[in-house]
Amino acid sequence: MHTVLTIAGSDSSGGAGIQADIKTITAHNMYAMSAITALTAQNTTGVYGIQESTPDFVARQLDCIFQDIPPEAVKIGMVSNAEIIRIIVEKLKEYNAQNIVVDPVMVATSGSSLMKNDAAKALMAELLPIGTVITPNIPEAEVLSGYPIRNTQDMEQAAKKIASFVPGGILIKGGHLTDTADDLLYTREASAWYRTVRIENPNTHGTGCTLSSAIACNLAAGYPLTVCIQNAKDYITGALKANLNLGKGSGPLNHMWQEKGTCSF
Ligand SMILES: Nc1ncnc2c1ncn2[C@@H]1O[C@H](COP(=O)(O)OP(=O)(O)OP(=O)(O)O)[C@@H](O)[C@H]1O
Ligand SMILES: Cc1ncc(CO)c(N)n1
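Per an unreviewed UniProt entry, the recorded name for the protein is Hydroxymethylpyrimidine/phosphomethylpyrimidine kinase, and the organism is Lactonifactor longoviformis DSM 17459. Its UniProt record, at the heading Sequence similarities (unreviewed entry), says of the protein: "Belongs to the ThiD family."

A short note on the site of ligand 2
Within the structure, ligand 2 sits among Gly9, Ser10, Ala16, Gly17, Gln42, Met78, Val105, Ala108, Leu114 and Cys209. Taking Gln42, its side chain carries an N or O atom lying 2.8 Å from a nitrogen atom of ligand 2. Expressed as a share of its isolated accessible area of 290 Å², the protein-covered part of ligand 2 is 94%. The cavity where ligand 2 resides is the largest pocket. Taken together, the residues of the shell around ligand 2 sort by class into six nonpolar, four polar and no charged.

Concerning the site of ligand 1
Taken together, the neighbourhood of ligand 1 is formed by 19 residues, with Thr109, Lys173, His176, Asp183 and Lys233 sitting nearest. Ala181 places a main-chain nitrogen or oxygen 3.4 Å from an oxygen atom of ligand 1. In the complex, the protein chains occlude 94% of the 620 Å² of accessible area that ligand 1 would expose alone. Taken atom by atom, the bulk of ligand 1 overlaps the largest pocket. Of all the elements in the fold, those that place two or more residues in the shell around ligand 1 are helix H7 (207-220) and helix H8 (225-241). Per element, the largest residue contribution to the shell around ligand 1 is four residues, and it comes from H7. Of the residues assigned to the shell around ligand 1, the class counts are seven nonpolar, eight polar and four charged.

Some thoughts on unusual backbone geometry
For Asn29, which is not a glycine, the phi torsion comes out positive at approximately 60°. Considering the arrangement of structural elements, one finds Asn29 in the loop between helix H1 (17-27) and strand S2 (31-43). Backbone geometry places Asn99, a non-glycine residue, at a positive phi of 55°.

Let's talk about the layout of surface pockets
Estimates place the volume of the largest pocket at around 870 Å³. Around the largest pocket sit 46 residues that line it, and Thr109, His176, Thr204, Thr207 and Gly208 are the ones nearest its centre. Where the lining of the largest pocket is concerned, the elements lending two or more residues are strand S1 (3-11), H1, S2, helix H5 (138-145), H7 and H8. Looking at side-chain class alone, the lining of the largest pocket contains 17 nonpolar, 19 polar and 10 charged residues.

Topic: the nonpolar core
If you look at the biggest cluster of nonpolar residues, it comprises 46 residues, and the most contacted ones within it are Ile76, Ile88 and Leu92. Looking at this core, the element that brings in the most residues is helix H3 (residues 82-94), giving seven residues.

Topic: the pattern of salt bridges
In total, this model carries nine salt bridges according to the counting rule given. Note that Asp21 is salt-bridged to Lys75, the shortest N-O span being 3.1 Å. Within this pair, whereas Asp21 is found in helix H1, its partner Lys75 is found in strand S4 (residues 73-76), the two being separated by 54 residues in sequence. By relative accessible area, which is 0% here, Asp21 ends up buried. Residues Glu52 and Lys116 are paired through a salt bridge, measuring 3.0 Å at the closest nitrogen-oxygen approach.

Considering the state of the cysteines
On inspection of all chains with the given rule, the structure shows zero disulfides. Free cysteine Cys209: the closest other cysteine sulfur is in Cys217, separated by 13 Å. On the basis of relative accessible area, Cys217 is assigned to the buried category, the value being 0%.

Quick notes on the sheet that holds S4
Pairing within the open sheet is mixed, and its nine strands lie in the order S3-S2-S1-S4-S5-S6-S7-S8-S9. Here the strands that pair on one side only, and so sit at the sheet edges, are strand S3 (46-52) and strand S9 (191-194). As judged from the three bridges shared by strand S7 (residues 169-172) and strand S8 (residues 183-186), these two strands associate in the antiparallel manner. Residue pairing across strands places Ile170 opposite Tyr186, the latter belonging to S8.

Procedures and definitions
- Residues numbered from 1 in each chain as written.
- Chains lettered and ligands numbered in written order.
- Predicted model: local features only at pLDDT ≥ 70, side-chain atom pairs only at ≥ 80, totals over all residues.
- Heavy atoms only, no water.
- UniProt positions renumbered as here; feature names shortened; annotations may be inferred.
- Near = heavy atom within 4 Å.
- Polar contact = N/O pair within 3.5 Å; in protein donor to acceptor, adjacent residues only side chain to side chain.
- Areas by Shrake-Rupley, 256 points an atom, 1.4 Å probe, with all protein chains shown as cover.
- 1 Å grid on protein atoms, 1.4 Å probe; cavity = no way out; pocket = protein on both sides within 12 Å on 5 of 7 lines; lining within 4 Å.
- Sits in = over half its atoms within 2 Å of the grid points.
- Nonpolar A, V, L, I, M, F, W, Y, C, P; charged D, E, K, R; others polar.
- Helix = DSSP H or I, 4+ residues; strand = E, 2+ residues; numbered from the N terminus.
- Points joined across faces, edges and corners; volume = space filled by probe spheres on them.
- Core = buried A, V, L, I, M, F, W, Y, C linked by side-chain atoms within 4.5 Å.
- Buried < 20%, exposed > 50% of the residue type's maximum accessible area, 1.4 Å probe, protein only.
- Salt bridge = Lys/Arg side-chain N within 4 Å of Asp/Glu carboxyl O.
- Disulfide = S-S within 2.5 Å.
- Pairing = 2+ DSSP bridges.

As structure tokens, then:
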């Protein structure tokens with residue numbers, strides 16, 4: 001069985017973070033492990049509290065995982081401070097981790113901040129450069145590139161700028177566009193668009209977490225990056241179309257949308 005690790009924050013309402021990642025990995029018939037960077041008290045309407053882990057305790061979780069069941073792919077989500085970012089980079093290098101997907105989580109769908117101000121610098125200088133692929137949404141790509149993004153042309157410009165400090169793939173997600181939900185994969189060799197029509201579903205809590213975990217699963221299965229992105233895009237599109245409607249705000253995705261066995265590796 002393929003093994004995938006998520007390093008991220010817990011979402012008490014189960015729609016994003018560690019919980020979304022474990023659901024996604026399990027739906028891919030893979031074995032999920034987790035290192036929790038922070039607990040959040042949140043639901044579909046917002047984030048009401050954050051309790052960070054200590055850097056030492058994140059390191060201890062990573063030691064336990066890598067010394068026993070080394071993962072074939074790693075997804076990194078919410079990491080709220082610079083000290084925890086540094087220890088994660090140190091440990092992933094120490095254990096020579098492969099197939100790293102970095103989702104630079106800054107703000108939740110509900111608009112609440114999930115990262116301290118001083119962490120963005122460490123994220124850009126230390127964590128993003130070790131990603132096999134990074135997956136910013138449009139507001140995050142604006143912060144990383146320093147450019148405003150209003151359309152797909154702006155996405156290409158921003159990706160090019162981010163590539164000056166990120167050697168891996170850059171997937172700018174188009175979930176925040178108005179007419180389409182087109183994602184751009186930019187690498188130093190080529191760029192490719194992954195296009196879908198917008199699905200009229202207000203329940204998008206955890207789309208970013210789910211997409212990045214699905215990419216990690218496909219990397220663990222050994223697919224080339226372009227195939228990983230297409231498969232992950234198909235997964236998120238299916239989970240959005242299956243239209244679960246839970247909670248009073250932007251609700252979670254439906255991970256039980258597939259015919260039994262469709263996503264088996
Ligand atoms: N309404 C939609 N219809 C179709 N695809 C969508 C829609 N909204 C988001 N997506 C897709 O979901 C994936 C995640 O993109 P998005 O930009 O929403 O990430 P995000 O903002 O990081 O998510 P999160 O809500 O977890 O913070 C992308 O592949 C995007 O194209
Ligand atoms: C814990 C956590 N990670 C990521 C996100 C981004 O959706 C969230 N809302 N909560």
